[in-house]
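Coordinates in review
Below are the chains, spelled out letter by letter.
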Amino acid sequence: MDEKILVVDDETAISDIIKYNFEKEGYFIDTANNGVEAIGLTEKNDYDLILLDIMMPKLNGFETLREIRKNSDIPVIMLTAREDEVDKVLGLELGADDYVVKPFSMRELIARVKAVLRRFDSKEKKDDEESTLKIKDLEIDLNKYQVIKNGEVIELTLREFELLKFLANSPGKVFSREELLEEVWEYEYYGDIRTVDVTVRRLREKIEDESGDFKYIKTKRGVGYFFGSDDGES
């Protein structure tokens, strides 16, 4: 294992225990205690993932994530000390791949990191065999992790792409939010299904027409979401 992770937290005790436990798992760990330092490190080093605290001096986690996303699609897991729904939703809307609420168990955090890295690594290990889904005016390149609509490339986060790919591979089949969390996020969120709604909303903003008549990601009221059939509810 040679993955390198940047841990960003102004509480040294938390950074130290994360560093200790992840190095035992075989990861290489750098630490930063504020957002400014974190941005500087990401400009100098290639990281496989960032664990990013929200409440920090100089730049908070949201501001730091916004800066990182200007130049990089590196996976980011937010660490938040609050159960506040607004914090979680904002992090996802800014492009975070996941979030973990403090206090967390180290086993849970390691599992989350492995799940995100597994998803991200898969796009680097695709073979050369062409694999493109063409649906209406949308092209989904499964090897390049690229989405094109009307000849223009649409920038998606890894999680948005994975959700789109999963739904598009089973057009017309309705999936509950819990099923999507299990299949796309690869673990249970224990009822925190708002994550799916936020990701669907962001995805719709990027791939659907401005008319608001959803033709790709549709809703089955009271159940969940499905892709691209001509019937059902939008």
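Please refer to the structure placed before this passage.
Residues numbered from 1 in each chain as written. Predicted model: local features only at pLDDT ≥ 70, side-chain atom pairs only at ≥ 80, totals over all residues. Heavy atoms only, no water.

On to a negative patch on the surface, then. Negative charge collects at one region of the surface, where Glu 178, Glu 179, Glu 182 and Glu 183 lie side by side. Positionally, Glu 179 belongs in helix H7 (residues 177–184). (Patch = residues over 30% accessible without salt bridge, like charges linked within 9 Å, V, L, I, M, F, W, Y side chains within 5 Å. Areas by Shrake-Rupley, 256 points an atom, 1.4 Å probe, with all protein chains shown as cover. Salt bridge = Lys/Arg side-chain N within 4 Å of Asp/Glu carboxyl O. Lys, Arg positive; Asp, Glu negative; His and termini not counted. Charge placed at Lys NZ, Arg CZ, Asp CG, Glu CD. Helix = DSSP H or I, 4+ residues; strand = E, 2+ residues; numbered from the N terminus.)

At a closest axis distance of 11 Å, the pairing of helix H6 (residues 158–168) and H7 adopts a crossing angle of 115 degrees. In terms of orientation, H6 lies roughly perpendicular with respect to H7. As for how H6 packs across H7, the hand of that crossing is right-handed. The residues of H7 that touch H6, namely those facing Arg 159, Glu 162, Leu 163, Phe 166 and Leu 167, are Leu 180, Glu 183 and Val 184. In the contact of H6 with H7, the residues fall into five nonpolar, no polar and three charged. (Axes fitted to C-alpha atoms, helices over the stretch in contact; angles between N-to-C directions. Parallel < 35°, antiparallel > 145°, perpendicular 65-115°, else oblique. Left-handed = near helix turned anticlockwise from the far one by under 90°. Contact = heavy atoms within 4.5 Å. Nonpolar A, V, L, I, M, F, W, Y, C, P; charged D, E, K, R; others polar.)

Applying the stated criterion across every chain, the model contains 17 salt bridges. Across the pair Lys 70 and Glu 67 runs a salt bridge, and its minimum N-O distance is 2.9 Å. Classification of Lys 70 by relative accessible area gives exposed; the value is 56%. Classification of Glu 67 as partly exposed rests on a relative accessible area of 32%. A salt bridge links Arg 177 to Asp 197; the nearest nitrogen and oxygen atoms lie 2.7 Å apart. Here Asp 197 lies in helix H8 (residues 194–207) and Arg 177 lies in helix H7, a separation of 20 residues in the sequence. Through salt bridges that share partners, Asp 9, Glu 11, Asp 53 and Lys 102 make up one connected network. (Buried < 20%, exposed > 50% of the residue type's maximum accessible area, 1.4 Å probe, protein only.)

Inspection of every chain in the model, using the stated rule, returns four aromatic pairs. Ring centres of Phe 166 and Phe 175 lie 4.7 Å apart, and the angle between their planes is 55 degrees; this geometry places the pair in the tilted category. Between Arg 204 and the ring centre of Phe 214, over which it is positioned, the NZ or CZ distance is 4.0 Å. (Phe/Tyr/Trp six-rings, centres within 6.5 Å; stacked < 30°, edge-to-face > 60°. Lys NZ or Arg CZ within 6 Å of the ring centre and 35° of its normal.)

Let's shift gears to the environment of Val 116. Inspection of the secondary structure assignment puts Val 116 in helix H5 (residues 106–122). Taking the C-alpha atoms as reference, Val 116 lies 8.7 Å from Val 76; in sequence the two are 40 residues apart. In contact with Val 116, other than residues within four places in its own chain, are Leu 49, Pro 75, Ile 77, Asp 97, Asp 98, Leu 158 and Arg 159.

To continue, consider H7. Those residues of H7 not exposed but buried are Arg 177, Leu 180, Leu 181 and Val 184. Buried residues in H7, looked at end-on, bunch into an arc of 100 degrees, giving them a common side. Phi for Glu 186, located one or two positions after H7, is positive at around 70 degrees. (Arc of directions from axis to C-beta.)

So, on to the sheet that holds strand E12 (residues 224–227). With antiparallel pairing, three strands are arranged side by side in an open sheet as E10-E12-E11. Each edge of the sheet is formed by a strand with only one pairing partner; in this case those strands are strand E10 (175–176) and strand E11 (217–220). Judged from the four bridges that link them, E11 and E12 form a sheet pairing that is antiparallel. Residue pairing for E12: Lys 218 is matched across the bridge by Phe 226. (Pairing = 2+ DSSP bridges.)

It is worth spelling out the nonpolar core at this point. Ranked by size, the top nonpolar core spans 29 residues in total, and within it Ile 140, Val 147, Leu 164, Leu 180, Ile 207, Ile 217 and Phe 227 carry the most contacts. Among the secondary structure elements, those contributing two or more residues to this core are strand E6 (132–135), strand E7 (138–141), H6, H7, H8 and E12. The element best represented in this core is H6, accounting for six residues. Those residues within four positions of Ile 140 in sequence are excluded, and the remaining contacts are Ser 131, Thr 132, Leu 133, Gln 146, Val 147, Phe 161, Leu 164 and Ala 168. One finds Val 8, Ala 32, Leu 41 and Met 56 within the second-largest nonpolar core, a separate group that totals 22 residues. (Core = buried A, V, L, I, M, F, W, Y, C linked by side-chain atoms within 4.5 Å.)

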